[in-house]
Amino acid sequence: MSEPSLAPLIVIDLQTGMFDGRFEPPIHDADGMVARTRALIDWARRSGRKVAFVRHDGPAGDPLAPGWPVWPALGQARDEPTFAKSVRNAFSNSALGEWVAGQGAGEVVLVGAQTDFCIAATVKGAFAEGLGVTVVSDAHSTLDTPGETAAEIVARHNAAFTEAGVTLVTTKALTGG
């Protein structure tokens, strides 16, 4: 990462509807995702990085309908902002780009859900903002589809992210744990 001390951690769409099973099954490896994301949030805080959360506000009846909170097990702090979005790219909310720029950061670290939708779109959105992108390869997830398992989707996207110029790193490599 070009500016490792400044790159904020952005946690995308890890809200109640991804974990509670109310509308859809929980995302793939939900418990592992929580554990790794918590470790990454703790790492970011220890290293002086800022942490932001992105919340998808889908239409009524959607698993990520407006107001569905960030999953409480992640331990979002009061001073860690939440940016709402209604499309896949988190940078569609210009306030997120302004917040990142306010950190003096030329790069972002992305984790969250869903790999094949909002993570992939936010990678492209970050590049369009002129940012470098690091994706934590084992801290993004999705749901199985009829043609592919979630694990296969994650692996396929990790390869595509690398080809697109994303820096891939594991939770362990970042956190030292």
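Residues numbered from 1 in each chain as written. Predicted model: local features only at pLDDT ≥ 70, side-chain atom pairs only at ≥ 80, totals over all residues. Heavy atoms only, no water.

Chemist: A description of the overall build of the protein should follow, citing residues and the corresponding values.
Modeler: Secondary structure assignment for the protein yields five helices and six strands. In the protein, the order of α-helices and β-strands from amino to carboxyl end is β-α-β-β-α-β-α-β-α-β-α. The C-alpha radius of gyration computed for the protein amounts to 15 Å, which stays within 12% of the reference 16 Å derived for 177 residues, consistent with globular compactness. Projected onto its principal axes, the C-alpha positions of the protein cover 40 × 30 × 30 Å. (Helix = DSSP H or I, 4+ residues; strand = E, 2+ residues; numbered from the N terminus. Rg over C-alpha atoms; globule rule 2.2 N^0.38 Å.)

Chemist: So what about the layout of surface pockets? Which residues, and what values?
Modeler: The computed volume of the second largest pocket comes to approximately 150 Å³. Every residue along the wall of the second largest pocket is listed here: Arg 45, Gly 48, Arg 49, Lys 50, Val 51, Asp 79, Glu 80, Pro 81, Trp 99 and Gln 103. Per-class residue counts for the lining of the second largest pocket are three nonpolar, two polar and five charged. (1 Å grid on protein atoms, 1.4 Å probe; cavity = no way out; pocket = protein on both sides within 12 Å on 5 of 7 lines; lining within 4 Å. Points joined across faces, edges and corners; volume = space filled by probe spheres on them. Nonpolar A, V, L, I, M, F, W, Y, C, P; charged D, E, K, R; others polar.)

Chemist: Can you tell me about the packing of aromatic side chains, naming the residues and giving the values?
Modeler: Counted by the stated rule, this structure contains two aromatic pairs. Both rings, one in Phe 19 and one in Trp 71, keep their centres 5.1 Å apart while their planes meet at 20°; by these two values the pair is stacked. Of this pair, Phe 19 sits in the loop between β1 (9-12) and α1 (30-46) while Trp 71 is found in the loop between β2 (51-56) and β3 (82-85), placing the two residues 52 residues apart along the sequence. Accessibility expressed as a relative area gives 23% for Trp 71, which makes it partly exposed. (Phe/Tyr/Trp six-rings, centres within 6.5 Å; stacked < 30°, edge-to-face > 60°. Buried < 20%, exposed > 50% of the residue type's maximum accessible area, 1.4 Å probe, protein only.)

Chemist: I'd like a rundown of α1, residues and numbers included.
Modeler: Here α1 contains 17 residues, and its C-alpha end-to-end distance of 24 Å stays within 8% of the 24 Å for a straight helix at 1.5 Å per residue. Listed in full, the buried residues belonging to α1 are Ala 30, Gly 32, Met 33, Val 34, Thr 37, Leu 40, Ile 41, Trp 43 and Ala 44. If you follow the buried residues of α1, they end up packed against β1, β2, β4 (107-113), β5 (132-141) and α5 (171-175). Residue Gly 48 follows α1 closely and has a positive phi angle near 80°. (Expected span 1.5 Å × (residues − 1). Contact = heavy atoms within 4.5 Å.)

Chemist: Before we move on, could you go through the environment of Gly 104 and cite the residues and values that matter?
Modeler: In this fold, Gly 104 is placed in the loop between α2 (94-102) and β4. What makes Gly 104 partly exposed here is its relative accessible area of 40%. When the C-alpha positions of Gly 104 and Asp 144 are compared, they lie 37 Å apart, and in sequence the two are 40 residues distant.

Chemist: An account of the pattern of salt bridges is needed here, citing residue identities and associated values.
Modeler: Where charged atoms from two side chains of opposite charge approach closely, those side chains can pair. With the rule as written, the count across this model stands at six salt bridges. The partner of Arg 55 in a salt bridge is Asp 57, with the nearest N and O atoms 2.8 Å apart. In this structure Arg 55 comes out as partly exposed when scored by relative accessible area, which is 21%. Two residues, Glu 148 and Arg 156, come together in a salt bridge whose shortest N-O distance is 2.8 Å. (Salt bridge = Lys/Arg side-chain N within 4 Å of Asp/Glu carboxyl O.)

Chemist: Give a detailed account of unusual backbone geometry, specifying residues and quantitative values.
Modeler: Backbone torsion omega between Ala 113 and Gln 114 reads -20°, so that peptide bond is classified as cis. Counting through the fold element by element, Gln 114 comes out in the loop between β4 and α3 (115-128). Its identity is not glycine, yet Asp 29 carries a phi of approximately 55°, on the positive side. Residue position: Asp 29 is located in the loop between β1 and α1.

On their own, these measurements won't tell you what the molecule is for.
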